[in-house]
Amino acid sequence: MRIVSLRQPVTVLSAAAITLGVFHAPIAAQRPPSGDRAPKLIVLIAVDQMRGDYVERFQHQWTHGLHRLVSQGAWFRQATYPYANTVTCAGHSTIGTGTIPSVHGMILNAWWDRASRKTVNCVDDETASTISYGKPVPTIGESLATLRTTTLADELRAQLSPSGRVIGFSLKARSVITLSGRRPAAVAWFDDLGTWVTSSAFSKAAVPEIADFIARNPVERDFGRTWDRALPRDAYLFDDPALGVHPTKGMTNALPHLLKGTAVEPDQQFYDQWQTSPMIDDYIARMALDVAERLKIGKTPTTDMIALSFSALDKVGHDFGPHSHEVQDVMIRLDRTLGDFFAGLDRLIGLDNYTVAFSADHGVAPFPERSLAEGLDAGRVMPAAFTGQVEKILGEALGPGTWVDRFLHTDFYLAPGAYDKLIAQPSALERVRTAIRALPGIRDVYTRDDLIADRFDDDPMGRKIAHSFLAARSGDLVVSVKPYWIIQATGTTHGTAFGYDAHVPLILMGKGIVRGEYLAPAEPTDIAPTLAFLASVTLPNVRGRVLTEALASNPQARKPRS
Ligand SMILES: [Zn+2]
């Protein structure tokens, strides 16, 4: 029949028309049989700055959503980032893509662009503009233009038929954009000026369903509210206030915190306080559920996705530290927030129809003041003074001049020509290395040639720094601090490969997942490939593995706990 048809073009066209009309449309509208095991919905959740050990430390107080994840999910207790720059943009990009910063390109939250001689933020895009859901926001827009691979979200959209639709919400643009990909159906984040926004890269105009939620739920309703402990004071660990606390934005150094700014009406300080409270996490979860329902996310014959990043813990952790009542309370409240959120998904999508992946973009170091009080070798490398010291060391090797263009995170970007001049003189380079290594808190220093060559078989830390290195965006000299030292003048931070920064939770739950505690090594790079496997899509360039031991479709998967 086919041969005959090929000789008769009219018949071929007719056959094609019949095929398209009769067969293709219904097939396209239904998942193939292999898709039966695919979830209707993937829920990708990142909790900004959640250390892996917070689960062990605080889970006895969780009774709702976090409890459900730990008790009913597949909990990978040793999940650790395999790279050094454990910062927000890098972590979310890694979760979103399944690969590492040297591949996806999001090496830091911001890097020095040698061509334009400017610091650029990871998701900044000068060709895009900000679309505000409230007051005007006069900044350039954001996009995923700098990401060098695709996200799981992109592939759900591109490979499935009907296309998987993605919605995403967070406080931070860099967190939600890197999870929700290049063409989300709806995406929003909170601008520092105090309004929800999106970018012209994702939407020509405000999404009506988001605008409607915001109109019904003004952030300003929380003006004048107090954030107090959810449980009695004696239910909290550690001293209060914590040693080393550095509250900003009008907060006091201990709970309760009155969110009232300085004025009789919501002002900038109020919006800063609101972002540093559990109220923003609760708002984001409620917004996601509402918009998902309105857009019928998870209700079509494909795999959709909700991407959420909860940032209150990061804001609070930087100021109050991992040993604070504030951090413990954010976790208690996130447990309740996620309990309501999952209950909403059970109602909308059905208990057995969605799969959750839960992780964090990085952990956090204790305050150096606290570590010192515990007798540890710890301290602060003051960025400005440290830059001056390195400038002086370079001057002694290269002669008078200004040799450092910019110091960001751990990276020294040298003036044009300076690096080539330095490596052309091996003895001068060695003197520079020795002098920088001798500075307080500094463990080692690597050159860009070291990191490009990646010959670190005997130096696991060097290899992890290489995993965060991309020549076009990284510095010429990259330093590494000793454990419990941070390069920051106040508060605390993260951004090393040490366990407190790199060990994070990794929990899968729901359709296709066998619950249990899994002690095998795992990485957040494993999340996207595992979810891609469940949804039957292929990622182009992953480092992570499919976490087969937790998959119900794996005959080897361990039996559920009774
Ligand atoms: Zn972060």
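Draft legend 1. A look at the sheet that holds strand E15 (residues 404-408). What the four strands build is an open sheet, ordered E15-E16-E18-E17; its pairing is antiparallel. The open sheet terminates on both sides in strands that have one partner only, identified here as E15 and strand E17 (442-447). The sheet shows a mean angle of 20° between the axes of neighbouring strands, direction not considered. Where helix H15 (residues 383-398) meets the sheet, it contacts E15 and strand E16 (411-414), and its direction lies at approximately 145° from that of E15. Sitting on the sheet, helix H17 (residues 426-437) touches E17 and strand E18 (477-481), and the angle it makes with E17 is about 155°.

Draft legend 2. Structural detail: the sheet that holds strand E2 (residues 74-76). Strand order in the open sheet formed by 11 strands is E6-E5-E9-E8-E7-E12-E1-E13-E20-E2-E21, with mixed pairing between adjacent strands. Since the sheet does not close on itself, it has two edges, and those belong to strand E6 (140-142) and strand E21 (516-518), each with one partner. On average, each strand axis in the sheet is inclined to that of its neighbour by 25°, with strand direction left out of account. Note: strand E5 (residues 124-132) against E6, three bridges, orientation antiparallel. In the strand pairing of E6, serine 129 is matched with isoleucine 140.

Draft legend 3. Expanded view of helix H5 (residues 88-97). Counting buried residues in H5 gives 10 out of 10 residues, a clear majority hidden from the surface. Within H5, the full set of buried residues consists of Thr88, Cys89, Ala90, Gly91, His92, Ser93, Thr94, Ile95, Gly96 and Thr97. Directly beyond the C-terminal end of H5, a positive phi value near 85° is found at glycine 98.

Draft legend 4. Quick peek at the nonpolar core. With 160 residues, the main nonpolar core has Ile167, Ala288 and Ile306 as its most contacted residues. Of the residues that make up this core, three or more belong to each of domain 1 (41-370 + 502-550) and domain 2 (382-439 + 442-481). Dropping the residues within four chain positions of it, alanine 288 is found in contact with Ile167, Phe169, Ile306 and Leu308.

Draft legend 5. Just the domain arrangement of the protein, in detail. Its domain assignment divides the protein into domain 1 (41-370 + 502-550) and domain 2 (382-439 + 442-481). Summarising the inter-unit geometry, the C-alpha centres of domain 1 and domain 2 are found 33 Å apart. Taken together, the 16 residues of domain 1 in the interface contact 14 residues of domain 2. At the level of elements, helix H6 (101-104) and strand E3 (110-113) are the ones that each hand at least two residues to the side of domain 1 that touches domain 2. No other element matches the three residues that E3 contributes to the side of domain 1 that touches domain 2. Looking at side-chain class alone, the side of domain 1 that touches domain 2 contains 11 nonpolar, four polar and one charged residues.

Draft legend 6. Structural detail: helix H8 (residues 173-180). Most of H8 sits inside the fold, with eight of its eight residues counted as buried. By the burial criterion, the buried members of H8 are Ala173, Arg174, Ser175, Val176, Ile177, Thr178, Leu179 and Ser180. One or two positions beyond H8, positive phi appears at glycine 181, with a value near 80°.

Draft legend 7. Up close: the packing of helix H9 (residues 208-216) against helix H11 (residues 279-295). Contact pair H9 / H11: the axes reach a minimum separation of 9 Å and the direction vectors enclose 135°. Comparing their axes, H11 and H9 come out oblique. In this structure, H9 crosses over H11, and the sense of that crossing is right-handed. Mapping the contact onto sequence places Glu209, Ile210 and Phe213 in H9 and Met287, Asp290, Val291, Arg294 and Leu295 in H11.

Draft legend 8. Molecular detail of the pairing of strand E1 (residues 41-47). Counting buried positions over the seven residues of E1 gives seven, a clear majority of the element. Across the two faces of E1 the burial is the same, with Leu41, Val43, Ile45 and Val47 and Ile42, Leu44 and Ala46 all buried. Bridge analysis of E1 against strand E13 (residues 354-359) gives six bridges, and the strand direction is parallel. Counted as the bridge partner of isoleucine 45 is phenylalanine 358 from E13. As defined by bridge partners, E1 adjoins strand E12 (residues 304-310) across seven bridges and the pair is classed as parallel. Residue pairing in the sheet places isoleucine 45 in a bridge with leucine 308 of E12.

Draft legend 9. Structural context of unusual backbone geometry. Omega for the bond connecting aspartate 240 with proline 241 falls within 30 degrees of zero, at -5°, which places this linkage in the cis form. Topologically, proline 241 is positioned in the loop between strand E10 (226-227) and strand E11 (257-258). Located in the positive-phi region is arginine 117, a residue other than glycine, with phi close to 55°. You will see that tyrosine 484, though not glycine, has its phi angle at about 70°, which is positive.

Draft legend 10. The arrangement of the environment of proline 39 in detail. Summarising the element assignment, proline 39 is placed in the loop between helix H2 (9-29) and E1. Here proline 39 falls in the buried class, since 24 other C-beta atoms lie within 10 Å of it. The spatial distance from the C-alpha of proline 39 to the C-alpha of isoleucine 442 is 47 Å, given a sequence separation of 403 residues. With residues up to four places along the chain from it excluded, the contact list for proline 39 reads Thr303, Asn353, Tyr354, Thr355, Gly510, Lys511, Gly512, Leu534 and Ala535.

Reading the values: rules and limits
Residues numbered from 1 in each chain as written. Predicted model: local features only at pLDDT ≥ 70, side-chain atom pairs only at ≥ 80, totals over all residues. Pairing = 2+ DSSP bridges. Helix = DSSP H or I, 4+ residues; strand = E, 2+ residues; numbered from the N terminus. Axes fitted to C-alpha atoms, helices over the stretch in contact; angles between N-to-C directions. Contact = placed C-beta atoms within 7 Å. Buried ≥ 20, exposed ≤ 12 C-beta atoms within 10 Å, placed from the backbone. Core = buried A, V, L, I, M, F, W, Y, C linked by C-beta atoms within 7 Å. Domains from an automatic or database assignment. Nonpolar A, V, L, I, M, F, W, Y, C, P; charged D, E, K, R; others polar. Parallel < 35°, antiparallel > 145°, perpendicular 65-115°, else oblique. Left-handed = near helix turned anticlockwise from the far one by under 90°.

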